[in-house]
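Fold and contact review
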Amino acid sequence: MALPSYEEPEEAPIPTKRLRWATQRVKGKSGSKKRGSIINRLHHRGSQNEKKRDSGGGESLGTDLGTVTEEPEETKIEEEEDNDRDNQGPRTVLFNIPLPPEAVDEQGLPLKHYRRNKIRTAKYTPISFVPKNLWYQFHNIANVYFLFLIILAFFSIFGASNPGLNAVPLIVIVFITAVKDAIEDYRRTVLDNELNNSPVHRLVDWNNVNVSADDISLWRRFKKACSRGIISTWKKFGKNKEVAGKESAERGMDEPRESFETRATRRASAFSAHSQGASFEVGDEIQMTPVPSPLPRPDGLEVPEHDRPKTAFSYEGESAPANKNFGSLINPDLPVTGKPRFHQDYWKNVQVGDFVRLYNDDQIPADVVILSTSDPDGACYVETKNLDGETNLKVRHALRSGRKIKHAKDCERTEFAIESEPPQANLYQYSAVARWKQHPTGEDMAEPISINNLLLRGCNLRNTDWVLGVVVFTGFDTKIMMNAGITPSKRSRISRELNWNVIYNFIILLVMCFVSGLIQGVTWAQGNNSLDLFEFGSIGGSPALDGFITFWAAVILFQNLVPISLYISLEIIKTCQAFFIYSDVDMYYDKLDYPCTPKSWNISDDLGQIEYIFSDKTGTLTQNVMEFKKATVNGVPYGEAYTEAQAGMQKRLGIDVEKEGVRVREEIAQARVKMLLDLRKIHDNPYLHDEDLTFIAPDFVSDLAGESGLEQQQANDQFMLALALCHTVISETIPGDPPKIEFKAQSPDEAALVATARDVGYTVLGNSEEGIHLNIQGQDRSYKVLNTLEFNSTRKRMSAIIRMPDNKIILFCKGADSMIYSRLKPGEQPELRKVTAEHLEMFAREGLRTLCIAQKELGEEEYQRWNRDHELASAAITDREEKLEAVSDIIERDLTLLGGTAIEDRLQEGVPDTIALLAEAGIKLWVLTGDKVETAINIGFSCNLLNNDMELIVFKIDDEQVATAEAELEQHLKTFGITGSDEELKAARKSHHAPAPTHAIVIDGDSLKLVLDPQLRQRFLLLCKQCKSVLCCRVSPAQKAAVVQMVKNGLDVMTLSIGDGANDVAMIQEADIGVGIAGEEGRQAVMSSDYAIGQFRYLQRLVLVHGRWSYRRLAETIANFFFKNIVWTFTIFWYQIFCDFDMTYLYDYTYILLFNLAFTSLPIIFMGVLDQDVSDKVSLAVPQLYRRGIERKEWTQPKFWLYMLDGLYQSVVCFFVAWLLFRVAGFITDNGLGLDDRERLGVYVGPAAVVVINLYILLNTYRWDWLIVLLVAISILLVWFWTGVYSAFKSSEYFYKAAAEVFSQPSFWAVTSLSIILSLLPRFAIKFVQKVYFPYDIDIIREQVRQGKFDYLNKVDEADDMVSKESSTTSSDVPKPSKHTYYPSIDEDQRPIYPPSVAATATTHNARSQTGSDGTDFTRHRQSLDQAPLDVPAVRPSFDRARPSFDRMRMSMDRIRPSFEASNDFTSAALLTRLESTQSFGPVKSRRTDVSSDLR
């Protein structure tokens, strides 16, 4: 290595060696346990209960990454996370090595079959749709019953007049349901096909020994033949329709992808060489690869010799710095045929053992082990939003032994095997080993493979030109698919309960039929009665057989008691409800042009009974816009911010936050202008874009210019230099005038810090072999990065060791305040520590995320000695992470405090409002997130889930023992005076009241696995039931689903899950209702959801308005449906008493056909579609109305039986009032014909029953508008109209002239009127008494609406419209969030935060935030020097300045309850003041000696 201008020691380290802890899960107290041999682990079959294995990747000799270190686990966890759920066993994947004899069959084909990479999330295929859909539909007991009736009707002996007509209703409902299911599933199929046919570059024309192309099952051949037949048929119909661009698209699938050598490439990086334009013809044989092709070119052109473009994180040199020889997977002795090439193929054709080449921004098609990348260091960056919802970049590394594999010819010469663990769902762990013989020595070599060498399906490659890897898992064996689960078939709760009501009615029907058959049989057996005079023998020939036949005839006659029309009507109603939800403009998200989209049409009523909502945090509750707001440097606070938490505090103090927000915005605008002017005076920074500035602090710029003296100027300079040097971001230059630099980081917080350094003149231009390049106030400088010790959740800090231009070595460290304070140099900076701690507490109380910045100057000898230990730890085979952490811990001591920073992570618009509204409705919200505990607490305060008055129960079981968890559970249960018994669980299932807001639970994933143990699950559930809020952190997708299942089944409640990423799919599918948020980055959650919305805030309208309406409408509709069929059926039954139950029809047959079809269908359907008790605005203004749904009081079994009894009573009235008329004597008409025949009696009874039923439905309808009244009137008039028209024709036979004869009789109108009054009077009286003397909440609210007490809601809407118009015209005046801080999701391991002590409760209607501000608050510039200075020693001239806004903030907080942190032992100023530098005591030298000896 060439030495720089200064003298460098002989053992200078390799430049920029990084400890990559990007996705590590670090061990707890049990981390010191030694790992077992990876070989033993590979050959040991996993148990049925997953144990978190120690990943063999941790010892990855050739890996620059620390592995995902899994904690040893001895307890059982949920079956969803079984290591080997399909019992596939470990797999060995061979490359250019023949399969051993025991692995092949007689024909030489592989015995082991791997799953295809083609996936299907749809439930049906064209072949399986009809049988499978019918199978699902006939799980419905009612459909089975109706099918039985249809079969019965085909036997004429049972008296059915038209069996074909009887089959029509069932055919209609089955067909409508099938069409609906087909439409829903077709959408999934389209997405599946789109994914399966995505392009990927796969190595072809070589022998993959692990699979056989000819080994295709008979079933697959049949399906392929069917698919080809369908496609060819489709093409014949559409052969004349040419698709534009089809030819070029097909050609594109065969042509090679352009490489970097075949086209001019320009990559915008501040220090990367740009390739010059080189244009030449390319043959088909040329590899599609951005590296020089090894294959001969037909045109004889040479490979261009221009430099390959470098990314911002690449070295400038031709190759990476020299490393130790870790061997190579290439066998140079193997012959090269030149046939293999990378060909563009479909995802579905990728197989285990394939070589694939991936390009920048490509999605990963399968789980792929990385062999080499375009980066000389073997690094690549992936975005895992589809897996964990996070879009910040994660770093992955190629195997050391595979980095020379760059071309197709290299793949052909590889010779190695990968011994892999079985497929398992843990996203954070993978264990395998690569084995090969090193040539020419013949030495057996091995390299462990960890999760950090694996690209998971569904991730996206970012900031990396290309990656070459081999496939180890495909299709449903990949981790993302194992976490996704199958698409469930959901049925609403009412539909499930409806089955029981159908069974009850069926039992009633059987009793009626049994009575009919029994009496009919007995009557035949008696003889010598009137029956013998009219019947010429019986059909059965014997009384017993006659009774049997009558039984089945009665089943057909009384079949309406179990109404198939109910199911048809419910399908129509639910479809209309889904359409109205889709059409609701108040749930339309114009930014994405996305309405609320129902994907499951049949569960809208479940939305009205939700008691528990399970929400993801990242991308669901938060915007993930990280903005640097405040800083404290050398004891001086800078920056102004008006956060939601601060507004909440002011609101509790009685301050008008809306007026305050307006005032603040004006001051912000002034401060921004002043700061930008001052910055440009110091240096006209071309990389400063006004709209990106988030750190509003004119006084910081003044101090940076030296107005407060040299000390503060140097402190500010060193502070910003630390931010610009201590990070792992990638800079990208966007060309333009002026140019723009954006940052890609593993943590969005880190990007915000570096971006703020850029804005004040400390711009990171890029990395190179020389180190990191900065532009500081117009001057370019280079700093050599010697080591980077990255952040993880245990360390809670990161450090960068930098060689400065003056040859000094400085360690910059940033991290959680508790971590930094414990590592400060003992006895120094006491005053600065105290003041900084106070500032950090103030920042945190405003809801900001804080961290500390410190530094340490290292001597040359000290650093070299430490670096030797560090290199030994990096190369360790066993306990690599523990050794690295021990070495890092030694150097990060005796630090000097520089200051602290505060960053705001903004919530989505309307989140606090929505959560508060849902809580008022009685809905409990749990947050299930993959983020860390501190962040969850922070967000909990910001969105009103947590507040100062709550006691936090933090579950952290360090020893991971079930016994410890049990003891802690018992301790907390005693607080509430419960034990977790079965009796308490039964009581909890019946209680739907919200718990008191006194306690909240915070639990991490490792502890959650313990409490989900069957022994503890019930007690944990009951403990959670007592707590207002529950936050589960660091949980896997399967754990999220397990929590939802625990609550749903344990408490027998309705649950809703909402999320935006693929990591939320499992819980979305497990919940009764799954809601996906259509984020800007991914739609995986939407694909699996029942409802898709654009923003979290729309959930309140979906649940509290549409959900409540749908539930109430459906409950009332079903009850009225049973009622009307009871009335109709029992009038026929009562008639049977007078004809010896011989199943004679009371009505004309057309009455029976049209009763459900025309006479009573429209009012009840429109009741289910359009009825409203109160408007949507009132529903949101009084969310407590929703509680009836939670308590399930709209549809209950008592209600069902009351309606049934009411129907029974009204059937008695309708029949017997008419019967009493004819009982004494018959009537005759003017022409002498009698009216006492069966058909005429039916006209007396039937229309009266229809009128009663329709008026009863109207009586139970809340909203009487012109439409419902018109429909009821039409339905009533229709029965009379039909009677008149149909009876006018002689074809009506016995019914001929019935209308003219009956309607002309005053007795008919008297009977009808009397029947209506007597039938409805009890119902009317009961309703009157109930609403006047025992009103429900809804009755009181409806009365208040009539009194005009909610008229203000309409005025508010008008005012909001005016405000929105004004805000739209002035939005440009409000500073916009900078682009560099937008991260749709977050890797929380990278974000040390300071928990806030005050919950945000401010809620207004500003279009940009809940507080009416843009997130900043410049309250007053410190322009007056005559104000009282802070009480600090005179030796600190930088303190002698008034900070009125800071002081006012502190005073206002002192009036609130003492800080949450102080009372709960969190990191408050009081705690930091007490905190000694515990990590800096003790004989450091001897400790270092011990570690060094351990390493050696």
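Residues numbered from 1 in each chain as written. Predicted model: local features only at pLDDT ≥ 70, side-chain atom pairs only at ≥ 80, totals over all residues. Heavy atoms only, no water.

Quick notes on the side chain of Q577
- Take Q577: it is sitting in helix 13 (residues 564-582).
- Here S604 takes part through its side chain, which lies 2.7 Å from a polar atom of the side chain of Q577.
- For Q577, the contacting residues outside a window of four places in its chain are S604, S1110, R1113, L1114 and G1168. (Helix = DSSP H or I, 4+ residues; strand = E, 2+ residues; numbered from the N terminus. Polar contact = N/O pair within 3.5 Å; in protein donor to acceptor, adjacent residues only side chain to side chain. Contact = heavy atoms within 4.5 Å.)

With respect to the pairing of strand 26 (residues 849-858)
- Of all the ten residues making up strand 26, nine are buried; the element is thus mostly covered by neighbouring parts of the structure.
- As paired strands, strand 25 (residues 809-815) and strand 26 are joined by seven bridges and run antiparallel to one another. By the bridge assignment, I809 is partnered in strand 26 with L858.
- Inspection of the sheet shows strand 26 paired to strand 27 (residues 896-907) by seven bridges, in the antiparallel sense. Across the sheet, Q855 pairs through a bridge with T896, a residue of strand 27. (Buried < 20%, exposed > 50% of the residue type's maximum accessible area, 1.4 Å probe, protein only. Pairing = 2+ DSSP bridges.)

Regarding the packing of aromatic side chains
- Taken as a whole and assessed by the stated rule, the structure comprises 53 aromatic pairs.
- Both rings, one in Y430 and one in F473, keep their centres 5.9 Å apart while their planes meet at 85°; by these two values the pair is edge-to-face. One end of the pair, Y430, is in the loop between strand 9 (416-420) and strand 10 (432-438); the other, F473, is in strand 14 (residues 466-473), with 43 residues separating them in the sequence.
- Relative to F1200, the ring of W1195 has its centre 6.3 Å away and its plane inclined at 70°; by these criteria the two rings are edge-to-face.
- A connected cluster of aromatic rings, assembled from ring pairs, spans F558, F1130, F1133, W1134, F1138, F1141, F1215, F1216 and W1219.
- Positioned above the aromatic ring of Y136, the side-chain terminus of K123 is 5.7 Å from the ring centre.
- Over the face of the ring belonging to F342 we find R357, whose NZ or CZ atom lies 4.8 Å from the ring centre. (Phe/Tyr/Trp six-rings, centres within 6.5 Å; stacked < 30°, edge-to-face > 60°. Lys NZ or Arg CZ within 6 Å of the ring centre and 35° of its normal.)

Thoughts on the side chain of R403
- Inspection of the secondary structure assignment puts R403 in the loop between strand 8 (393-397) and helix 8 (408-413).
- In this structure R403 comes out as buried when scored by relative accessible area, which is 13%.
- At 3.2 Å, the side chain of R403 forms a polar contact with the side chain of H397.

What about a positive patch on the surface?
- A surface patch of positive charge is lined by R116, K118, R120 and K132.
- Relative to the elements of secondary structure, K132 occurs in helix 2 (residues 129-137).
- When its relative accessible area of 32% is taken as the criterion, K132 is described as partly exposed. (Patch = residues over 30% accessible without salt bridge, like charges linked within 9 Å, V, L, I, M, F, W, Y side chains within 5 Å. Areas by Shrake-Rupley, 256 points an atom, 1.4 Å probe, with all protein chains shown as cover. Salt bridge = Lys/Arg side-chain N within 4 Å of Asp/Glu carboxyl O. Lys, Arg positive; Asp, Glu negative; His and termini not counted. Charge placed at Lys NZ, Arg CZ, Asp CG, Glu CD.)

A closer look at the environment of R435
- On the secondary structure map, R435 appears in strand 10.
- For the pair R435 and M445, spaced ten residues apart in sequence, the C-alpha separation works out to 5.8 Å.
- Reaching out from R435, the side chain makes a polar contact with the side chain of E419 at a distance of 3.2 Å.

A look at the sheet that holds strand 3 (residues 199-204)
- Spatially, 4-3-5-14-6-12 is the arrangement adopted by the six strands of the open sheet, whose pairing is antiparallel. Every other strand in the sheet has two partners, leaving strand 4 (341-346) and strand 12 (454-455) as the edge strands with one partner each.
- The pairing of strand 6 (residues 367-373) with strand 14 spans six bridges and is classified as antiparallel. Each bridged residue has a counterpart across the sheet, and for V368 the counterpart in strand 14 is V471.

Section: the pairing of strand 9
- Counted residue by residue, strand 9 has five buried out of five residues, so it is predominantly covered.
- Neither face of strand 9 is exposed, since F416, I418 and S420 on one face and A417 and E419 on the opposite face are all buried.
- Across five bridges, strand 2 (residues 91-95) lies against strand 9 in antiparallel orientation. In the sheet register, V93 faces strand 9, and the bridge partner there is I418.
- Relative to strand 10, strand 9 runs antiparallel, the two being bridged by four bridges.

A look at the sheet that holds strand 34 (residues 1091-1093)
- In space, the nine strands of this open sheet follow the order 15-34-33-32-16-28-31-30-29, with mixed pairing throughout. The two strands at the open ends of the sheet, each matched to only one other strand, are strand 15 (597-598) and strand 29 (951-955).
- Running over the sheet, helix 28 (residues 1017-1025) touches strand 16 (610-615), strand 28 (924-928), strand 29, strand 30 (999-1004) and strand 31 (1029-1033) and is turned about 140° from strand 30. (Axes fitted to C-alpha atoms, helices over the stretch in contact; angles between N-to-C directions.)

Comments concerning the confidence of the model for the protein chain
- Per-chain confidence: the protein chain averages 77 in pLDDT, with 75% of residues scoring 70 or above.
- Taken as a whole, residues 1-83 scores under 50 in pLDDT and shows 282 contacts with residues more than four places along the chain or in a different chain.
- Counted against residues more than four places away or in other chains, residues 1480-1487, with its pLDDT under 50, gives twelve contacts. (pLDDT = per-residue confidence, 0-100.)

Comments concerning a nonpolar patch on the surface
- Residues L165, V168, V172, F175, I176, V179, I183 and L1153 make up a contiguous nonpolar surface patch of about 590 Å² in total accessible area.
- Take the nonpolar patch: its biggest share by element is seven residues, from helix 4 (residues 163-196).
- Topologically, I176 is positioned in helix 4.
- What makes I176 partly exposed here is its relative accessible area of 35%.

Details of unusual backbone geometry
- The omega torsion across H439 and P440 is 5°, close enough to zero to call that bond cis.
- Residue placement: P440 occurs in the loop between strand 10 and strand 11 (443-449).
- Residues other than glycine seldom take positive phi values, yet N807 does so here, at roughly 75°.
- On the secondary structure map, N807 appears in the loop between strand 24 (797-803) and strand 25.
- Positive phi is not limited to glycine here, since F1141 has a value of about 55°.
- Mapped onto the elements of the fold, F1141 is located in the loop between helix 32 (1098-1136) and helix 33 (1149-1159).

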